[in-house]
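# Geometric and topological summary
Residues per chain, in single letters:
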Amino acid sequence: MTAKVQVQNLSAWYGSKRAIEDISLDVDERAVTAIIGPSGCGKSTLIRCINRLHEVVPKARTAGKVLLDGEDVYTQSAVSVRRRIGMVFQKANPFPTMSVFENVAAGLRLNGVRDPKKLDETVLRSLKQAALWDEVKDALDAPGVSLSGGQQQRLCIARALAVQPEVILMDEPCSALDPIATAKIEDLIFDLKKEYTVAIVTHNMQQAARVADYTAFLYLGKLIEMNRTRDLFERPGQELTEKYITGRFG
């Protein structure tokens, strides 16, 4: 596999508190990489550093490199990086004053797209990619917040896909969803890797086992182990990994 994203000796701080320490790992192209570990271990900080959302927090800083196709994202404009690396958050956050259609089109409009045909085509494509079109095609003018929780999360995924990113980061995308909605998101993640590079933070080890090609285990801000998902769960190379996945802590 080819690494789409390479994290090299990355550390991050919030003020004087170090959240992650000297992490190096690859996120392979057109594959799903899961990041697991107990609460507070730095999982969300790691993916927020990948698309430079970490730096919007006051007094936050980083050291090390994040390479996208071999180029350091910290030498580029944050806006251009976030166009290429999309983010889906733990809690669905559709824009409350916008319709379903306008939620998906929002990023395009921010990027200067005004052609109605282009907007229509992209919204249609994105909603289909997010496996939501059949459920909302007759309600495109309805408020985005009127959808169910699972539909709202897929709407946010469609919004991220509309600007055609190369990488999609997901931070606990199913934590607030019921099992049926979770299954739909997991099916969607599996489909997305055909075209996109996906990294997902999850507390749910069963979810990582179901959707991820590779899994990284973080503990106290450090990368303990990373391997193919099946190998990591069946034959962990570190005692700490084995203790975590067998439920002895975390």
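Residues numbered from 1 in each chain as written. Predicted model: local features only at pLDDT ≥ 70, side-chain atom pairs only at ≥ 80, totals over all residues. Heavy atoms only, no water.

### Description of the overall build of the chain
Just so we agree on the cut-off: Note on conventions: DSSP H or I runs of at least 4 residues are helices, E runs of at least 2 residues are strands, and numbering of each starts at the N terminus. Radius of gyration here uses only the C-alpha atoms, and the compact-globule reference equals 2.2 Å multiplied by the residue count raised to the power 0.38. Partly exposed describes any residue whose relative accessible area lies between the buried limit of under 20% and the exposed limit of over 50%, with all areas from a 1.4 Å probe on protein chains only and scaled to the type maximum.
Helix and strand content of the chain: ten helices and ten strands. In terms of overall size, the chain behaves like a compact globule, its C-alpha atoms giving a radius of gyration of 18 Å where 250 residues would be expected to give roughly 18 Å. Oriented by its inertia axes, the alpha-carbon framework of the chain measures out at about 55 × 40 × 35 Å. A burial count over the chain gives 50% of its 250 residues as buried.

### Side note on the pairing of strand β2 (residues 17–28)
Quick reminder of the rule: Two strands are said to pair when DSSP picks up at least two bridges between them.
Relative to β2, strand β1 (residues 3–14) runs antiparallel, the two sharing eight bridges. Residue pairing in the sheet places alanine 3 in a bridge with aspartate 28 of β2.

### Some remarks on the side chain of asparagine 103
What counts here: Contacts described as polar in this section are N or O atom pairs within 3.5 Å, which, within protein, must combine one atom able to donate a hydrogen with one able to accept it, while residues neighboring in sequence count only if both atoms come from side chains. Only heavy atoms enter the contact rule, under which two residues are in contact if any of them lie within 4.5 Å.
Examined against the element boundaries, asparagine 103 turns out to sit in helix α3 (residues 100–110). For asparagine 103, a relative accessible area of 1% puts it in the buried group. Here the side chain of asparagine 103 touches phenylalanine 95 through a polar contact of 2.7 Å, landing on its backbone nitrogen. Discounting chain neighbours no more than four positions away, the residues touching asparagine 103 are Pro94, Phe95, Met98, Gly144, Leu155 and Arg159.

### Quick notes on the pattern of salt bridges
For the record, the criterion: Any Lys or Arg side-chain nitrogen located within 4 Å of an Asp or Glu carboxyl oxygen qualifies as a salt bridge.
Evaluation of the coordinates by the stated rule reveals 16 salt bridges. Between lysine 184 and glutamate 135 there is a salt bridge whose closest N-O contact spans 3.8 Å. Of the two residues, lysine 184 sits in helix α7 (residues 179–192) while glutamate 135 sits in helix α5 (residues 133–136), which places them 49 residues apart along the sequence. Overall, lysine 184 belongs to the partly exposed group, its relative accessible area being 38%. Between lysine 194 and aspartate 191 there is a salt bridge whose closest N-O contact spans 3.5 Å.

### Side note on the environment of glutamine 164
Position of glutamine 164 among the secondary structure elements: in the loop between α6 (149–162) and β7 (167–171). Note on glutamine 164: relative accessible area 51%, which makes it exposed. Once residues within four sequence positions are removed from consideration, glutamine 164 is found in contact with Arg83 and Arg125.

### Here we look at helix α4 (residues 116–129)
Formally: In this analysis, the expected span of each helix is defined as 1.5 Å times one less than the number of residues it contains. The directions from the helix axis to the C-beta atoms are what the arc is built from.
If you check α4, its first and last C-alpha atoms are 20 Å apart, about what 14 residues at 1.5 Å a residue would give, namely 20 Å. Restricting attention to buried positions, one finds in α4 the residues Leu119, Thr122, Val123, Ser126, Leu127 and Gln129. What you see down the axis of α4 is that its buried residues fit within an arc of 155°, all on one side. Relative to its buried face, α4 has exposed residues pointing more than 90 degrees away, namely Lys117 and Lys128. Those residues of α4 hidden inside the fold are in contact with α3, α5, α6 and α7. Of the residues that open α4, the one with a side-chain oxygen 3.2 Å from the backbone nitrogen of lysine 117 is aspartate 115. Backbone geometry just downstream of α4 places alanine 131 in the positive-phi region, at approximately 55°.

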